Amino acid sequence: MATVTLKGNTIHTSGELPAKGNKAPAFTLIKTDLSNASLEDFKGSKLVLNIFPSIDTGTCAASVREFNKKATSLDNTKVLCISRDLPFALARFCGAEGLENVISLSDFRNHSFGKEYGLEFTDGPLEGLLSRVVIVLDEDGKVIHTEQVSEIVDEPNYEAALEALNG
């Protein structure tokens, strides 16, 4: 289990992030049109998994905006923005912001992604939501970079994630 803070207060996650060099666990998440998306659907592309508690917070929204901006210059790479928000909220936000370079996915239906990836909060005021994490996968679904943001209100290290893509 990882320990992170929320404005200095300790909270815990359900486990450890997938290890660098290992295959990422399979997942099925929900797209904004309520259809399923699986890890297998993205085979052959590099992936940046931008994972966060809720699109309706400043830092989470900023991360989606920033990755959307950077995604335009990424070759053979898709940015998946993942939370437990309802797909309707994700679609509303991206539509209102004109964000078209990221793919919004929700873990609201079966809550398995957060558990499988070891990043679901198990206590504190955000219990049940997903921790702020960035995971980068190569074309074969192998983990090449992870970042568990230690203070949940801080933004991730965008440059480190992007540098991992050029590996």
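Look a little higher up for the structure.
It should be emphasised that the depicted structure is a prediction, and the values quoted were computed from it without experimental measurement. (Residues numbered from 1 in each chain as written. Predicted model: local features only at pLDDT ≥ 70, side-chain atom pairs only at ≥ 80, totals over all residues. Heavy atoms only, no water.)

(A) Looking closely at unusual backbone geometry. Although it is not a glycine, Lys7 adopts a positive phi angle of roughly 50°. At His111, a residue that is not glycine, the phi angle is positive and equals roughly 55°. With respect to the helices, strands and loops of the structure, His111 is situated in the loop between strand S7 (102-106) and helix H3 (112-116). His111 gets classed as partly exposed once you look at its relative accessible area, which sits at 29%. (Helix = DSSP H or I, 4+ residues; strand = E, 2+ residues; numbered from the N terminus. Buried < 20%, exposed > 50% of the residue type's maximum accessible area, 1.4 Å probe, protein only.)

(B) Structural view of the pattern of salt bridges. Scanning the model with the defined rule gives three salt bridges in all. For the salt bridge of Glu120 with Arg84, the shortest nitrogen-to-oxygen distance reads 2.8 Å. Taken together, the residues span a long stretch of sequence, with Glu120 in the loop between H3 and strand S8 (133-137) and Arg84 in the loop between strand S6 (77-83) and helix H2 (87-97) at a distance of 36 residues. The residue Lys115 makes a salt bridge to Glu120 at a minimum N-O spacing of 3.4 Å. Connected through salt bridges with shared partners, the residues Arg84, Asp107, Lys115 and Glu120 form a single ionic network. (Salt bridge = Lys/Arg side-chain N within 4 Å of Asp/Glu carboxyl O.)

(C) Looking closely at the nonpolar core. In this structure, Leu49, Ile51, Ile82, Phe113, Tyr117, Leu119 and Ile135 are the most contacted members of the largest nonpolar core, which totals 21 residues. Of all the secondary structure elements, the ones that give two or more residues to this core are strand S5 (46-51), S6 and S8. Those residues in contact with Ile82 that sit more than four places away from it in its chain are Leu29, Leu49, Asn50, Ile51, Phe52, Leu105, Phe113 and Leu130. Residues Leu74, Phe93, Val102 and Ala161 belong to the second largest nonpolar core, which totals 20 residues. (Core = buried A, V, L, I, M, F, W, Y, C linked by side-chain atoms within 4.5 Å. Contact = heavy atoms within 4.5 Å.)

(D) Summary view of a nonpolar patch on the surface. A surface patch of nonpolar side chains, amounting to about 280 Å² of accessible area, comprises Leu34, Leu86 and Phe88. Along the chain, Leu34 turns up in the loop between strand S3 (28-31) and strand S4 (36-38). (Patch = residues over 30% accessible without salt bridge, like charges linked within 9 Å, V, L, I, M, F, W, Y side chains within 5 Å. Areas by Shrake-Rupley, 256 points an atom, 1.4 Å probe, with all protein chains shown as cover.)

(E) The arrangement of the sheet that holds S7 in detail. With mixed pairing, the seven strands of this open sheet are ordered in space as S4-S3-S7-S6-S5-S8-S9. Strands at the two margins of the open sheet, each flanked by one partner only, are S4 and strand S9 (143-148). When strand polarity is set aside, the average angle formed by the axes of neighbouring strands in this sheet is 30°. One ladder, built from three bridges, connects S3 with S4; its direction is antiparallel. Its bridge partner lying in S4, Ile30 is registered against Asn36. On the sheet, helix H4 (residues 158-165) packs against S5, S6, S8 and S9 and is oriented at approximately 175° with respect to S9. (Pairing = 2+ DSSP bridges. Axes fitted to C-alpha atoms, helices over the stretch in contact; angles between N-to-C directions.)

(F) Broad picture of the side chain of Asp107. Relative to the elements of secondary structure, Asp107 occurs in the loop between S7 and H3. Using a relative accessible area of 1% as the deciding quantity, one classes Asp107 as buried. For Asp107, the side chain forms a polar contact with the side chain of Arg84, separated by 3.0 Å. Here Asp107 is in contact with Leu29, Ser83, Arg84, Ser112, Phe113, Gly114 and Leu130, once residues within four sequence places are set aside. (Polar contact = N/O pair within 3.5 Å; in protein donor to acceptor, adjacent residues only side chain to side chain.)

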